[in-house]
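# A look at the structure
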Amino acid sequence: MATTYRQTAPITYQRDVFPLPVTALAFDPVSDTLWTGLNSGIVTAYYTPQGMRGVTFPIGGGLAVKRIVASDSNVRAYGVASEGVGAWGKGGVNKWNHRANVSVTAMSCNTTSMFGIATATPELMILNSHTGSVVQRSPVSSVLTHLLYPSTHLVSGSSDGFLRLHDPRNVMWHDGGNSVRAHIGGIQGLEASGNYIYTIGLGTRQGRPYPDPLVKVYDIRALKPLPPLPFASGPAFINIIPKRPSTLAITSHQGLVNIVDASNPTVNEFYQLDAPSYITATAVSATGAYLAFGDTDGAVHLMSAAEEGASIPFNGFEGRPIEWADTPEPLPEIDWTDTTPLNIIGMPHYNEQLLSSWTPDFISNGLHYPPPPKIPQVILNTMKINDNVAYAALPKELRGRRNVAVTAPRRPGGRFRSGKGRQESELDTPIYEYDPDVIPRPYRKVEIEYSKFGVEDFDFAYYNRTDYSGLETHISNSYTNAMVQVMHYTLPIRKLAKSHIATDCPREHCLLCELGFVVRMLEDARGTNCQASNFCKTVGFLAQMNNAIELIDFGRETAELSYAHMIQSFHRFLVDHLSSEGNSFPHNPVLIPSPAMSPGLISPAPAPITQLVGIDAKNVITCSNCKAVREKENMTHVIDMIYPRKPLSNEPSVDPDFASLLRTSLLRPTTHKATCQTCKHFATFESKRSIRSRDLPPLLAVNAACHSEEAHKVWRDNRNQTFLKPSVELHGQLEGMEDPEGAIYDLRAMVVQVVTKDQGSHLVAIVKVPDTERTFDQDHDYSWYLLNDFVVRGIAEEEALSFPSNWKVPCVLYLERVDLVQRLDFSGLPTTIDRSILCRDTNIAMTRDKKYVKHKPLRPDELPKPGTLVAIDAEFVSMQQEETEFRSDGTKKVLRPARLSLARVSVLRGEGPSEGLPFIDDHIHTSEVIVDYLTEFSGIRFGDLDPHMTRYTLTPLKLVYKKLRLLVDLGCIFIGHGLSKDFRIINVFVPPEQVIDTVDLYFLPSRQRRLSLRFLAWFVLGENIQTDTHDSIEDALSALRLYKGYQTLESADTFDEKLDELYREGKKYNWRPPAPPTAVSSATPTMVGNVATQMAQMNMNGQQMMPPNMMNSRQSIMQTLMPGPTQFSGQHPMNMYHTPSPSPHPFSPPPWNR
């Protein structure tokens, strides 16, 4: 082997159109493999020096890989955005992941049983390299950028330029002489060999950072500096050459490589890489035979110590064979015959108990199938036997239902409204003995079941018998349901959200608007289930826009998924957005009146949410050396709970109470080290918030931050006493002392995570209903309620505050200040929506065609009053396809229904001189991807919802929602067909007394069949609608005319009779209008062309072409319903935008004349 290196052919991968920089390199110690990390967060293996591409796997986060460490059994790696560190097998299978939930800044490269990582908290942790579990952890004074674990000490380099030694037993740094500042601007590289440490970093020149041209050398035994190694080009990377322990490879970004012996700096070897771009990563093989350099163009340049023409493996010897990507084993070939035993197939992998593993729970308590009855004697008397078979004639008195087996009694508690004979028993007191480790039934995760009638058939009332509404779960990001319920039952926030929807908010995606719509819907529903689909959709959109991908629930529940982390991150995200979206500075109303304020002065008040939950404190920082004090303003909305450290063995254990723990979290005392500007010494600083008790906000928003077993032990019940109290007195900080004046807070609501034994989790809300909204039951007087999505149940206060076991984990708490909440002044907030939006033509389409404008906005004198009739219909498009599971027996189960979004809504005048004229006909603009326009049922086509392509009136969803909300608030009565489903998808609750649904008007409960609008329009009105696609104006107008016909029949007291007649005739035609004939006879070719043209050629009278039976039954209905043809002269407004069938075909009734 030669003593000098030579450059070989680089490794490149040409498939990438835009090459990605190589950000990390590592040679495998036992195989001929080079591991590379790319700027996109991908780790790729290259086999042999020829660069054969192999295993590829992502490490998470989508940003650059910062470090790779290859050991004998696995590959450890972390990236800029991975929020943790993980280990993968050589075939690409993940072994373990440790999530730190913050950025990892450094990782040691040792391959022993333990290694160190540092986070941006800043914190230093020792992990088990086989399992990824935390062995030790401790806070540190500054962010660590480099870690080494060479021998008995852990060596760290930090962003402030300090080099420190840590004891792995407590990972705390030594004081005194065991820390030294190696570089002023921060450490950029760190290596250790034997008793020596080598560092490179940044210095300062004229106040600006620049690469330090010296490689610093320190003796690890005392951290004493030794003569440095000069490198004029600016060292960017340093590596130890194995088997030459005192030799370093120093590399610059420009590709200059200097191999120098630190014990004899005069011995140098210089090389210039033939690299067209900057060097971004370096690595040295385990034997020192290869040097690897990655550049910004995605190439890996190699330097080899092998002689010309010779080739040696990366690891220097014939090691383990190369591991390719792990693939499933092929299925064995089975020569299948009639005698092949089934057990040769083998058992599949399973992680749940098999059905064949019977437990006592499966054993029946009694016989459901009685033994067969004895054969009657009359049969035995006439029985004959032939070839051991007995037979006899069956007497007449015994004839009847035979071969009918007696079945077990049906399980009580149906889940669908279409079910029959359901017994009402659910959620009562359990009959079994209480076990704190068993999750009670109301807390368990619930799923919506789907029958053939869809989600509307699910009996939500079965799970909720209270006057407080739950929320549905079959939509994305519905994990926020619990947080929405907490906001709803926190009255000050509810009032702010409701008032915001009355403002002219310019944002298309506004969480405060959507929260206002949801709380208003929950307030009106009073026990009827609701869904927050618009709110959840806005959460997903804003999370993507703000790069908060961790807040999006993709519906893939894994063991690593923690809804406690998600909901607390979302809580902070939500409060920050509510603060910014509701801020109208300098016109914010003053919610907390102060006697010192002048009434005529413009208020400099902060955002309303900030006035409610903002903690306006001062951060007092004290130098421990000179006692110098400085203050700076500190505003925060959410308090993160902090917990006492675990006491040492010689320290007494102290159980903190909730009040003291909350006060400590509020003041948040911390320590850090820095240079004091007063005494110019590097000293320890103590930092603590300072706020008077009188300045504490009306609401406290608290993140429990209960992420460890030790933290959860603090919350658990102890000696039949709960840690959480319904009321707490909180004292602030006044001039470094506890404020003697206190503020009393009552617990209002909280979000709790329920964790099952298989580590699955979900969230529930536990709220204290305000006294003004409580409904008193004669049996129970509950003030606390559990809201488990759509399951709502009253619970005792002791149960609400109790944390009996580790299945119940606190996440978010809201507390109200007793003396301040009552004084809040909401009189400056708007309360009603501007009615003029019904008089404006709200259009954002740039290509609208006037001939497609079919509506005329209301005039000011036409604004609705309580009881005003309006006809409505809506069309929808699909934003997500239905998820269905097909079973082996041919049946299917709907896992998640299709997610629909409002695409068009039409509202017509229901009375007056312009009856039937639309005043709202808006297509809805959406920024989401539409997966199916459902044109056959909606009439919506591609481009109709695009502001740059549509010919129709296009309006933002929020503005359309405001219009509908205003119509509900004004007391309008809505007429339509199938409105319950429409209103549920739109996310608006309309009181039943304001809804007239023709699907219920023309309905016989005894028949259990509801009639379609198309059939009713054909039979009752004599019109053929929905012949091609649906049109919302046509459908709303048909519903309005059906209602008018219903009134006519009711006034004549003949509706019930005619309804029976309608059902009898409908059964003959299978509840569908018959298709128009397309052929005259068998000898005549099939007619083609427009159906309306063909029907226009038929007899215009139409009556003589109808069968006699249809003539008699239907003509009488129409004569009763419709007045004479001379009652109206001219075209009625109801017919302005409705085109009736040109001519009835032989199975079409004559048109009704008004």
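All figures in this text were calculated on a predicted structure; none of them were measured in a lab.

### Things to note about the overall build of the chain
If you tally the helices and strands in the chain, you get 20 helices and 53 strands. When each of the 1154 residues of the chain is scored for burial, the buried share is 49%. Within the chain, contacts between residues at least 6 apart in sequence are counted, and of these 60% link residues at least 24 apart. Carbon and sulfur atoms form 52% of the exposed surface of the chain, whose accessible area is close to 58600 Å².

### Focus on the environment of V22
Its place among the elements puts V22 in strand β2 (residues 22–27). Considering only alpha carbons, one finds V22 and L38, 16 residues apart in sequence, at a separation of 4.6 Å. The residues touching V22, leaving out its near neighbours within four places in the chain, are T36, G37, L38, T280, A281, G294, D295, G298, A299 and V300.

### Remarks on the pattern of salt bridges
Scanning the model with the defined rule gives 37 salt bridges in all. As a salt-bridge pair, K445 and E447 come within 3.7 Å of each other at their nearest N and O atoms. Note on K445: relative accessible area 39%, which makes it partly exposed. A salt bridge links R692 to D695; the shortest N-O distance between them is 3.0 Å. The exposure class assigned to R692 is partly exposed, which follows from its relative accessible area of 34%. By relative accessible area, which is 37% here, D695 ends up partly exposed. Through salt bridges with shared partners, one network takes in R520, D524, R965 and D969.

### What to know about the UniProt feature "binding site: a divalent metal cation" (unreviewed entry) in the chain
Per the UniProt entry, the sites bearing "binding site: a divalent metal cation" (unreviewed entry) are D873, E875, D982 and D1035 in this numbering. Maximum C-alpha separation among the annotated residues is 13.0 Å over a sequence range of 163 residues, consistent with a single clustered spot. The topology assignment puts D873 in strand β44 (residues 869–880). Discounting chain neighbours no more than four positions away, the residues touching D873 are R904, V905, S906, D982, S1032, D1035 and A1036. Tracing the sequence through the fold places E875 in strand β44. Relative accessible area serves as the criterion here: at 4%, E875 is assigned to the buried category. Residues within four places of E875 in sequence aside, it is in contact with S901, L902, A903, R904, F937, S938, H1030, D1031, S1032 and D1035.

### Notes on the sheet that holds strand β26 (residues 264–272)
Spatially, β23-β24-β25-β26 is the arrangement adopted by the four strands of the open sheet, whose pairing is antiparallel. The open sheet is flanked by β23 (237–240) and β26, the only strands paired with a single partner. Along the sheet, successive strands turn relative to each other by an average axial angle of 20°, direction set aside. Relative to strand β24 (residues 247–251), β23 is paired through four bridges, and the arrangement is antiparallel. Of the residues in β24, the one forming a bridge with I240 is L248.

### A short note on empty space enclosed by the protein
Evaluation of the coordinates by the stated rule reveals five cavities of 30 Å³ or more. Computed from the structure, the largest cavity encloses a volume of approximately 90 Å³. In terms of lining, the largest cavity is formed by S533, N534, K537, R899, L900, S901, L902, E928, L957, I985 and I986. Tallying contributions element by element places strand β47 (residues 899–909) first for the lining of the largest cavity, with four residues. When its residues are assigned to classes, the lining of the largest cavity shows five nonpolar, three polar and three charged. One number sums up the size of the second largest cavity: a volume of about 80 Å³. Lining of the second largest cavity is provided by D28, V30, S31, T33, W35, Y47, K90, R320, P321, I322 and E323.

### Observations regarding the pairing of strand β37 (residues 699–703)
On a regular strand, one side chain projects to one face of the sheet and the next to the other, so that they alternate. Counting buried residues in β37 gives five out of five residues, a clear majority hidden from the surface. As paired elements, strand β34 (residues 638–640) and β37 share three bridges and run parallel to each other. The residue bridging I639 from the neighbouring strand is V702, located in β37. Relative to strand β43 (residues 808–817), β37 runs antiparallel, the two being bridged by five bridges. Bridged to V702 within β43 is L813.

### Brief notes about the packing of helix α16 (residues 1013–1021) against helix α18 (residues 1055–1068)
At a minimum axis distance of 12 Å, the contact between α16 and α18 shows a crossing angle of 115°. The angle between the axes of α16 and α18 places the two elements in the roughly perpendicular class. The handedness of the crossing between α16 and α18 comes out as right-handed. Here α16 contributes F1015, L1016, F1019 and V1020 to the contact with α18, which in turn contributes L1062, E1065 and G1066.

### Examining helix α14 (residues 979–986)
Of all eight residues in α14, six are buried, a share of seventy percent or more. Turning to α14, its buried residues are L979, D982, F983, R984, I985 and I986. Buried residues along α14 sit against α5 (533–545), β44, β47, α13 (957–969), β50 (973–976) and β51 (995–997).

### Side note on the packing of aromatic side chains
A complete count under the given rule lists 34 aromatic pairs for this structure. Residues Y479 and F570 carry aromatic rings whose centres are separated by 6.2 Å and whose planes lie at 70° to one another, so their mutual orientation is edge-to-face. With Y479 in the loop between β31 (389–391) and α2 (481–489) and F570 in helix α6 (residues 563–581), the pair connects residues that are 91 residues apart, well separated along the chain. Judged by relative accessible area, Y479 falls into the buried class, the value being 7%. Here the aromatic cluster, defined as three or more aromatic residues joined through ring pairs, consists of F1015, W1018, F1019, Y1063, Y1069 and W1071. One Lys or Arg, K808, reaches over the ring of F803 and ends 5.0 Å from the middle of that ring. The positively charged end of R1010 is found above the aromatic ring belonging to F1003, 3.9 Å away from the centroid.

### Overview of the confidence of the model for the chain
Where the model shows low pLDDT, its predicted coordinates should not be examined in detail. Per-chain confidence: the chain averages 82 in pLDDT, with 85% of residues scoring 70 or above. Put simply, helix α19 (residues 1091–1096) is where the chain has its lowest mean pLDDT, 32, and β50 is where it has its highest, 96. Every residue in residues 420–433 scores below 50 in pLDDT, and together they form 22 contacts with partners more than four places removed in sequence or on other chains. Counting interchain partners and residues more than four positions distant, the pLDDT-below-50 stretch residues 1079–1154 has 133 contacts.

### Thoughts on a nonpolar patch on the surface
A surface patch of nonpolar side chains, amounting to about 520 Å² of accessible area, comprises I334, W336, L342, I344 and I345. For W336, the location among the structural elements is in the loop between β29 (300–304) and α1 (377–381).

### What about unusual backbone geometry?
Of the consecutive residues T121 and P122, the connecting peptide bond is found in the cis state with omega at 0°. Here P122 lies in the loop between β11 (114–119) and β12 (123–128). Between F585 and the following residue, P586, the backbone shows a cis peptide bond with an omega angle of 5°. Along the chain, P586 turns up in the loop between α6 and α7 (608–613). Even without a glycine there, the phi angle at R668 is positive, about 50°. Relative to the assigned elements, R668 resides in the loop between α8 (658–667) and β35 (670–675). Since its relative accessible area comes to 30%, R668 is described here as partly exposed.

How each quantity is defined
- Residues numbered from 1 in each chain as written.
- Predicted model: local features only at pLDDT ≥ 70, side-chain atom pairs only at ≥ 80, totals over all residues.
- Heavy atoms only, no water.
- Helix = DSSP H or I, 4+ residues; strand = E, 2+ residues; numbered from the N terminus.
- Buried < 20%, exposed > 50% of the residue type's maximum accessible area, 1.4 Å probe, protein only.
- Contact = heavy atoms within 4.5 Å.
- Areas by Shrake-Rupley, 256 points an atom, 1.4 Å probe, with all protein chains shown as cover.
- Salt bridge = Lys/Arg side-chain N within 4 Å of Asp/Glu carboxyl O.
- UniProt positions renumbered as here; feature names shortened; annotations may be inferred.
- Pairing = 2+ DSSP bridges.
- Axes fitted to C-alpha atoms, helices over the stretch in contact; angles between N-to-C directions.
- 1 Å grid on protein atoms, 1.4 Å probe; cavity = no way out; pocket = protein on both sides within 12 Å on 5 of 7 lines; lining within 4 Å.
- Points joined across faces, edges and corners; volume = space filled by probe spheres on them.
- Nonpolar A, V, L, I, M, F, W, Y, C, P; charged D, E, K, R; others polar.
- Parallel < 35°, antiparallel > 145°, perpendicular 65-115°, else oblique.
- Left-handed = near helix turned anticlockwise from the far one by under 90°.
- Phe/Tyr/Trp six-rings, centres within 6.5 Å; stacked < 30°, edge-to-face > 60°.
- Lys NZ or Arg CZ within 6 Å of the ring centre and 35° of its normal.
- pLDDT = per-residue confidence, 0-100.
- Patch = residues over 30% accessible without salt bridge, like charges linked within 9 Å, V, L, I, M, F, W, Y side chains within 5 Å.

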